[in-house]
Amino acid sequence: MNAIVALCHFCELHGPRTLFCTEVLHSPLPQGASSGDIAGQNEQAEEEEGGIQMSSRIRSHSPAEGASADSSSPGPKKSDMCEGCRSLAGGHPGFVSHDKETSIKYVSHQHPNHPQLFSIVRQACVRSLSCEVCPGREGPIFFGDEQHGFVFSHTFFIKDSLARGFQRWYSIITIMMDRIYLINSWPFLLGKIRGIIDELQGKALKVFEAEQYGCPQRAQRMNTAFTPFLHQRNGNAARSLTSLTNDENLWACLHTSFAWLLKACGSRLTEKLLEGAPTEDTLVQMEKLADLKEESEGWDGSEEEEKPSSQPDAVEGQELSKCSPETSLMPDCSSWNVAHRRLSVFRSLRHMRQVLGASAFRMLAWHVLMGNQVIWKARDMDLVQSAFDVLRTMLPVGCVRIIPYSDQYEEAYRCNFLGLSPHVQIPSHILSSEFAVLVEVRSATRSSLYPTLFDDEQSLNKYEFVVTSGSPVAADRVGPTILNKIEAALTNQNLSVDVVDQCLVCLKEEWMNKVKVLFKFTKVDSRPKEDTQKLLSILGAAEEDNVKLLKFWMTGLSKTYKSHLMSTVRSPTSSESRN
């Protein structure tokens, strides 16, 4: 993440000061942080943690080097600093961590070396400890602008027995130029920075209690109440944070925490380049995600009804159907898909076609594309889910309604993919219906019912697949155009599985565009049937199977697209333009 994390302090003598900051470098290290030795040991210490290699380097400078460094440094002069304003000792070049995965370096020092960055951090420090403060003076706040960057600031107090009011004021700020990214990172930054603050306050509290137990300051100050406070501090007003926490390795620990914070915050959010308008599948997934969040927020544990495990509810089916192989908008979806692929039996449509046979697969695919109910009966739940995971790729996301496994038959209006255990009785009118197809997975009588296609496919040798329907698809039937193109891609051995998947995505987009045209033509504009037939001929979808497919796929259009069309029709400008 291209940001700077800094620890700031409000000094009673010098005002707001930057104590320690960590920045991300994508270029070679700045001068002074390239070499050095460990203080007191004169050797380099390296420790690897989470893919980051940390090097704590301190180099002793000669007086000439120190003078030249001070003259060129954008930071404040030594005369303007006290113990409370200083973190690293003079001549300390800072800490460096190397991220071996991304070749990024995280460099920590008291002030940024670049004058412009120093000015930005300095201004953010002053604002975080003066005017940009939340109620109570302790807590998170957001401020900034395009010119000086945007800041997430969390102010807090550290106990000090010698300070005015027995506490000192600090803040941890995160500065970056991307406002949206920083706002989206607010919950993550708040939790992690709050953890750092709690650790600092805990250490300081132990020191404070020990000092108060040994020499209570409150009674001593009461006895000297009429003496000016500033003249009674005896030089103890400036105390370093290392002294307040009694931690000599404080700055090394803060460097590790800040470096991890920058790396983790940059890894948790990724940007995706969307070329053109979002697809219908993307819109439907976003709508389902929004509905799921709204529903989860409205859940009340006391009012939630208990449902038997033999009746999977519609929410479960929707939750499985919201993930597609092309895109996954939810973190849980990706992890579910990864785990599912490890257990998958059917690897692709081509693999399923080889297992079932060409005629049985064509019958099954025809029913899937037409929106008829597809029923799988098997003991192996993983096999059924694997089959649905493959078959659903032929349909738009909005047309998929899955109940992965059930102990009783569910009606077609609830799901078009239904998994059943072998003992479940299916109504006779469903078995004879032309709007359903049944795939029975039976135990094979011998292990060589079909030849092994791959080395690790021994599990499928145990099964026999029987595909039946009340309306079998004739071999000489033309079928929908998209089915013929899918079969042509599957039989072309020159095309890899990945290429076939991309062909399938393009075919679905092509036919979803036809669905959009038909929807607007029939539902929005209310054109007569004669004009609709002419339109279907122009679209190349005048055949009966193509018309049925378009009507079924029309149910998969997103609410966003439908509401957009209806609002366009209702607007006065659109009606005037048509007239």
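In the block above lies the structure referred to throughout.
No experiment lies behind these values; they were computed from the predicted model shown.

1. Focus: the side chain of Glu410
In this fold, Glu410 is placed in the loop between β11 (402-406) and β12 (417-420). The class of Glu410 is buried, set by a relative accessible area of 6%. A distance of 2.7 Å separates polar atoms of two side chains, one belonging to Glu410 and the other to Arg414.

2. Let's talk about helix α13 (residues 381-391)
Within α13, 8 of the 11 residues are buried, which leaves it mostly tucked inside the rest of the structure. Buried residues of α13: Leu383, Val384, Gln385, Ser386, Ala387, Phe388, Val390 and Leu391, and no others.

3. Quick notes on the nonpolar core
Counting residues in each nonpolar core, the largest one holds 66 residues, and the members touching the most others are Phe346, Met352, Trp376, Leu391, Phe465 and Trp553. Looking at this core, the element that brings in the most residues is helix α16 (residues 497-524), giving 10 residues. Each of two domains, domain 2 (349-444 + 460-477) and domain 3 (499-570), supplies a minimum of three residues to this core. Beyond its immediate chain neighbours, meaning those up to four positions away, Leu391 contacts Leu349, Met352, Leu364, Val368, Val374, Trp376 and Phe417. If you look at the next biggest cluster of nonpolar residues, it comprises 38 residues, including Ala3, Leu19, Tyr170 and Ile193.

4. Some thoughts on the sheet that holds strand β10 (residues 373-377)
The strand order β11-β12-β10-β13-β14 describes an open sheet built from 5 strands, whose pairing is mixed. Of all the strands in the sheet, the pair left with one neighbour each is β11 and β14 (463-469). Ignoring which end each strand starts from, the neighbouring axes of this sheet average 15 degrees apart. The sheet contact formed by β10 and β12 spans 4 bridges and is parallel. Bridged to Val374 within β12 is Phe417.

5. Description of the packing of aromatic side chains
For the structure on display, the rule yields 15 aromatic pairs. Both rings, one in Phe188 and one in Trp260, keep their centres 6.2 Å apart while their planes meet at 35 degrees; by these two values the pair is tilted. Here the residue Phe188 occupies a position in helix α4 (residues 186-214), and Trp260 occupies one in helix α7 (residues 250-268), the gap between them amounting to 72 residues. Using a relative accessible area of 16% as the deciding quantity, one classes Phe188 as buried. Assessed through its relative accessible area of 42%, Trp260 is described here as partly exposed. Taken together through their ring pairs, the aromatic side chains of Phe20, Phe95, Trp251 and Phe258 make up a single cluster. Across the ring face of Trp169, the terminal group of Arg137 is positioned such that the distance to the ring centre comes to 3.9 Å.

6. Describing unusual backbone geometry
Within the chain, Ser103 stands out as a residue other than glycine whose phi angle is a positive 60 degrees. One can find Ser103 in the loop between β5 (95-99) and β6 (104-109). A positive phi angle, close to 55 degrees, is found at Asn246, a residue other than glycine. As for its placement among the helices and strands, Asn246 is situated in the loop between α6 (241-245) and α7.

Thresholds applied
Each chain carries its own residue numbering, running from 1 in the direction its sequence is written. Predicted model: local features are reported for residues with pLDDT of at least 70 only, side-chain atom pairs are reported and counted for 80 or more only, and whole-chain, interface and lining totals are derived from all residues. For side-chain calculations, the full set of non-hydrogen atoms in the structure is used, while hydrogens and water are omitted. Strands are runs of DSSP state E lasting at least 2 residues, helices are runs of H or I lasting at least 4, and numbering of each runs from the N terminus. Relative accessible area decides the class of each residue, using a 1.4 Å probe on protein chains only: under 20% of the type maximum gives buried, over 50% gives exposed, and in between gives partly exposed. By the criterion applied in these results, polar contacts are pairs of N or O atoms within 3.5 Å in which, for protein atoms, one can donate a hydrogen and the other can accept it, and in which residues neighboring in sequence qualify only through two side-chain atoms. The term nonpolar core refers to a set of buried residues drawn from Ala, Val, Leu, Ile, Met, Phe, Trp, Tyr and Cys, joined through side-chain atoms within 4.5 Å. Residue ranges labeled as domains rest on an automatic or database domain assignment. The contact rule is simple, with two residues in contact once any of their heavy atoms fall within 4.5 Å. A pair of strands is treated as paired once DSSP finds two or more bridges between them. Helix axes are fitted only over the stretch in contact, all axes being lines through C-alpha atoms; the angle between N-to-C directions runs from 0 to 180 degrees. In this analysis, rings of Phe, Tyr and Trp, with Trp reduced to its six-membered ring, are considered paired at centre separations within 6.5 Å, and the interplanar angle assigns stacked below 30 degrees, edge-to-face beyond 60, and tilted for intermediate values. A ring is scored as having a charge over it whenever the NZ atom of a lysine or the CZ atom of an arginine sits within 6 Å of its centre and within 35 degrees of its normal.

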